[in-house]
Structure formats: C-alpha cells, structure tokens
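# Overview (structure and organization)
Each chain is listed here by its residues.
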Amino acid sequence: MEVPRITELPATLASQIAAGEVIERPAAVVKELLDNSIDSGANNIDIDIVDGGHKRISVSDDGHGIHPDDIELALRRHSTSKLSTQSDLDCITSLGFRGEALASIAAVSRFLLTSRVAQSESAWSLSIDPISGSSTLKPAARSGGTTIEAANIFQSTPARRKFMRSQRTEFLQIVEVVKRVACSRFNITFKLSHNNKIVSRYRACQADLSERVVDVFGKQFLSKSLTVNYESEGMKLWGWLGGGDLSRSQSDRQFCFVNGRVVRDKKIFHAVRSAFGDTLPTGRYPSYLLHLELDPAVTDINVHPTKSEIRFKNTRNVHDFINASLRDALKAAGTLDLTVDNELPGELPGGAPAIHAARPVQNRYFQVKEPGLFYQHITHKKKQDDLLTNNAGLGAPVAALGNWIVLAQREHEYVLLNFQAATEYILKYRLKKDYLNKAIRHRPLLVPVETEANPAQVELVEKYSGELEEIGISLRIISAGAIVIKAIPALLEDADVKSLVRSVLIGLESLRVNENPGSELLESMTKNMRVSVDALSSARMQSLLNDLDRTDLDTTQKHHKGLWRTISVDEISKLIDS
Ligand code: ADP
Ligand code: MG
C-alpha cells in the first residue's frame, strides 16, 4: 500500500475546520457577537436576523469600538485586546479571551465589520471577499460602537450547511441565546428583530432587576418564585428559584451564570437539582435564574470550546454552597420538608469539607453599573460593606502587603496576618479534625509518583499501611528501594507530593512504641509542610479570615506568634512620630 504523504492545509481550509468548533450554527454566531458587544461596554445591543440567520446575522452596539488600525487585526486568529499574559488567563473577567470568534465567523460567512471609536472622526468598515479572502478597509458612517454582519453563513462550507436546521428552528435557538444573555446583564438594553420585525425588547433595568425576570420568564414565574441571596466563603449566590410547582418537563429554564457568564454546567445543575431532593419527581426539571459570583482566580473557563462549562478550583465547595443555600431557601419557604434528609448522595469527588450553613445576606440585588467589570464591581462593593459590618474575628481584609501579609481591619485596630502560615495552620487543623473523625479524604494522583525509600522504610510502609491510609496516604511498594505514591490527602493537593511523603517516611522511622502511630505520622507529615498559595484576591483573603475563625484559635487575641499581630491607630501614629 502506498504511504499517504502529509501536506499542510491551505489557510482558508484550516480556518474553516477550526471555525467548526465554535461556530456550529447561527445561534453560536449570535452568542459570540453578543459577548464581544458586552465586553465593549455597550449599553444598547441590537440583534437583527434575516431568515433565521441563514441569510444574515447582524449585531450592533454602542460600545467603545475598535481602533481603526486594529480592525484588520481583530479578524486574525489569536488576536485579542482582552489578555496579554499568562497571569491574565488565570483571572479572566471578560467574556472573550481566545481571539478566535471573529476569525472563525469571517471564515464561514460573508463578513462585514463597521466600527467607530467615539472620539474619532469617522467610522471604518472592513469587508472580506468570500472567494479570495482579501479584505478592504474603507471609511463609513455610524455613531460610536460596532456593527458586525455575517451573511450567507456556511455557504462556502457545504458540509456544515447540511447540518443547519430550518429557519424557524435556528431562529428559536437564537431567541434562546438572547434570553440567556439578557439575563446575564440587567443593565443593558437588548433588542432582537427577525425579518425587520421586533421580536423581543429587554429594557435596561434601573432599580428593579425583577423587570427583566418578568420580560424573560413571565409574571407568573416572578410571583411564585423565591428570591435567593446567599453569601459564604467568598461566594455569592443570588437570583430566583422556582419551587416544585414551577418545575418543567424540560430543562429549558435552568438559567445559570457564573460571574456574569452564561454557563450550562452539569455540576451546577446537579447542585440545584439535588437541593430539591425527592420533592421533585424524576423527569421534572426546576426552573431558575441564578447568578453565582466568586473570585475569577478560582475558576477556569478555558476548558470548553464554547466556554459554557467551567472548572472550579474547589468543586465540592461550590457544589455544597449552592446546594446548602437553596435547601435553606426552600426550607424557609416551607417548600422542603427537612425533617427527612432530602439531600441526594453527593456524586462529586471529595474536596474540602462541606459547607453546611451558607449565610443569607440582607442586601437585595445590587446594581451592576459597570458592564464588563461585573465581579470587580461586586467585590469592591462587598469590601466596603464588610468594612462596615464584619468586625468578627480578625476583621475584614483591607489589602495585601507584599503578597504574603493580609492587612485586615477590626474596630479601631489593624491586623497583620501571615497568609502562608495561616493557610498552613488551617490545613493542619482541618486534617487533625478529619483524622479524629476518621474522615480524611484521599486525592488519587492522576499520575502516580515514584520515589526512593530505603529498605527499612519500605518495611515500615508495609507494616503501617493501614495507619498511612488513615492519614490519607496510599503507597505501593515496587521494590526494596522504591515506592509509588498513589494518593495524598485531598486537603493537601497543593502541597509538594514527594516532600510530603519524605516527611512521612522519616516519621515512620522515628515512631515511638506504644504511642498512637497514626497521629504521630500525621504530625510528621505536616510538620515541615509547605503549600503553595495563590495570589491574594480579596475573596481569598476574606475566606482565609473566615476559615481561621473556624479553627481552635482565639482570634480575639491581639497577638499569636508566627500568625498575626494587631496594631492600633495610636500605635501607628507613634511609629510615625518616633
Ligand atoms: P475575543 O473576544 O476572544 O478577544 P474576538 O475574535 O471575538 O476575540 O474579537 C477580537 C477582538 O476584536 C476583541 O478582542 C476586541 O478587541 C475586538 N472586538 C470584537 N468585537 C468588538 C465589539 N463589538 N466592540 C469592540 N471591540 C470588538
Ligand atoms: Mg469574542
């Protein structure tokens, strides 16, 4: 048989293949364009559709526009104004960041972009010749903002065109996308037209966010649903939850948002669904509109082609927070009978301990004034609220100093706290508590790690394997001089695996007879433990302070060696004067 030879694909074909990943139908084009308009800070977004999107899709906004020199660049793959460094990628606050959408849309349609930066004299438009792929930039007329038009979508890619459904079906998908996006930003006016007729108009909400809920879900939903507003450990959950009587035979009204981003995430669906326990018969889906907010640094949205799924650094915490909050809301409304435990067995792998009592917060829905800065706006506001109200324990975080000290404020004094040491203290405390309850969770390593051990250690590993399991360590002996690490305690997933086990091996050799070997091994495992800590976001600092409060430490004290020290305003002024 002749060996097939490899050639590089022509650029147009390559981009059409890549486009298939994100842009699989007209509604996906609309979603990407809406994301871009939101990121541009628009207050008004018009969506005009012709023939269900088969013929034309156009999205027009009054956002910041694109600099004329950048218009051609905007269409190139991996060109974005939204991030430039690796650390930006770890903390994404914009909807877009891959710089692929416009390139993908332009690859499968007749593309026209018109944009004007408010201060500039004229607008510019860029069109692309669908045959040659060459682009033309010329002056145009429009007010500040951007319009992007994609016509004859998939005409040049018959394979994809075959999968397009009827105009009506495609249009219904678009309606659905616009609804969801409209519920992600209450402060933007959206207008959707089909064949020149206005189909829906969602006016920006001023004071009352429930106006949008009525526009999208109807009056009946609003009047029968529960309002939800909970906060715990740097996470916030707010929105509207329909009780059993608003449940549906389809999952079409499960609207969830994470930091203002539309998501369809199974973990969240599960957390909500299981709050109902068996009060909701199989085959029924709850209806809800819920916003989850948390530090973007503990989420990863770069895990799915259309970014509709999200990964959380601590999935269990998020799951349990949502679940506990909604159970509380349902219980308070008398919807859920909690004399029996309605919780479904947790199906998620173990992580940090469950949150049992999420705290309902008083303040009703805040208003988002700055589009595109959703989470930042909220943390900012929350910080101020906390300063006024949260004087328990070590107080409320004010700033991070040198990225390892937390400055917190309580009443008339400031607290300086060593973040690294506090994080480690909390972990040790939790491990010890879990150990005493025989509840240390294991985190199996994706790739088991091999490490050296001397023959005496290997023997001890065999002898004490039960005790090691109890402290969360699974080891397998592979020879007289080597062992493989299969699991470590889930709480220590950020620790260095090898040095963790090395401490345990040393601990094994110095075990005293007749003592409790498990707790001695736990002690040696954590004695010299170093965990890597994240950047100090304000949510992270707040949750650290809360966690510290839940340990055995007396946080009302002024000083705890190695962890914190307080300093009063008087003392600060003396320092300055001396
Ligand atoms: P991404 O959104 O991931 O950055 P896109 O391909 O969607 O990538 O857009 C590329 C760039 O074009 C964006 O980073 C942004 O600078 C610019 N852009 C796209 N749409 C708009 C718009 N409606 N208003 C202003 N700028 C836009
Ligand atoms: Mg984009």
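Residues numbered from 1 in each chain as written. Chains lettered and ligands numbered in written order. Predicted model: local features only at pLDDT ≥ 70, side-chain atom pairs only at ≥ 80, totals over all residues. Heavy atoms only, no water.

Moving on, we get to the packing of aromatic side chains. Per the stated rule, a full pass over the model turns up five aromatic pairs. Between Phe186 and Trp240, the ring centres sit 6.1 Å apart and the planes meet at 35°, which makes this aromatic pair tilted. Linking Phe186 in the loop between helix H7 (167-184) and strand E7 (189-194) with Trp240 in strand E10 (residues 235-241), this pair joins segments that are 54 residues apart in sequence. Each of the two residues, Phe186 as well as Trp240, counts as buried. Consider the rings of Phe217 and Phe221, whose centres lie 4.7 Å apart with planes at 75°: the pair is edge-to-face. By the burial criterion, Phe217 is buried, and Phe221 matches it. Put simply, the rings of Phe186, Trp238 and Trp240 touch in pairs and so form one group of aromatic residues. If you follow Lys307 out to its NZ or CZ, it ends over the ring of Phe97, 5.3 Å from the centre. (Phe/Tyr/Trp six-rings, centres within 6.5 Å; stacked < 30°, edge-to-face > 60°. Helix = DSSP H or I, 4+ residues; strand = E, 2+ residues; numbered from the N terminus. Buried < 20%, exposed > 50% of the residue type's maximum accessible area, 1.4 Å probe, protein only. Lys NZ or Arg CZ within 6 Å of the ring centre and 35° of its normal.)

Moving on to helix H2 (residues 26-39). Over its 14 residues, H2 extends 20 Å from the first C-alpha to the last, a length consistent with the 20 Å expected when each residue adds 1.5 Å. With 13 of its 14 residues buried, H2 lies for the most part within the structure. Downstream of H2 by a residue or two, Gly41 has a phi angle that is positive, lying close to 80°. (Expected span 1.5 Å × (residues − 1).)

The next point concerns the sheet that holds strand E22 (residues 482-489). Within the open sheet, the three strands sit side by side as E20-E22-E21. Their pairing is antiparallel. Edge positions in the sheet fall to strand E20 (442-452) and strand E21 (474-479), since each of these pairs with one other strand and no more. Strand after strand, the sheet turns through a mean of 15° between neighbouring axes, direction not considered. As paired strands, E21 and E22 are joined by five bridges and run antiparallel to one another. For Ile477, the partnering residue across the bridge sits in E22 and is Ile483. Contacts from helix H14 (residues 455-463) reach E21 and E22, with the element oriented near 135° to E21. (Pairing = 2+ DSSP bridges. Axes fitted to C-alpha atoms, helices over the stretch in contact; angles between N-to-C directions. Contact = heavy atoms within 4.5 Å.)

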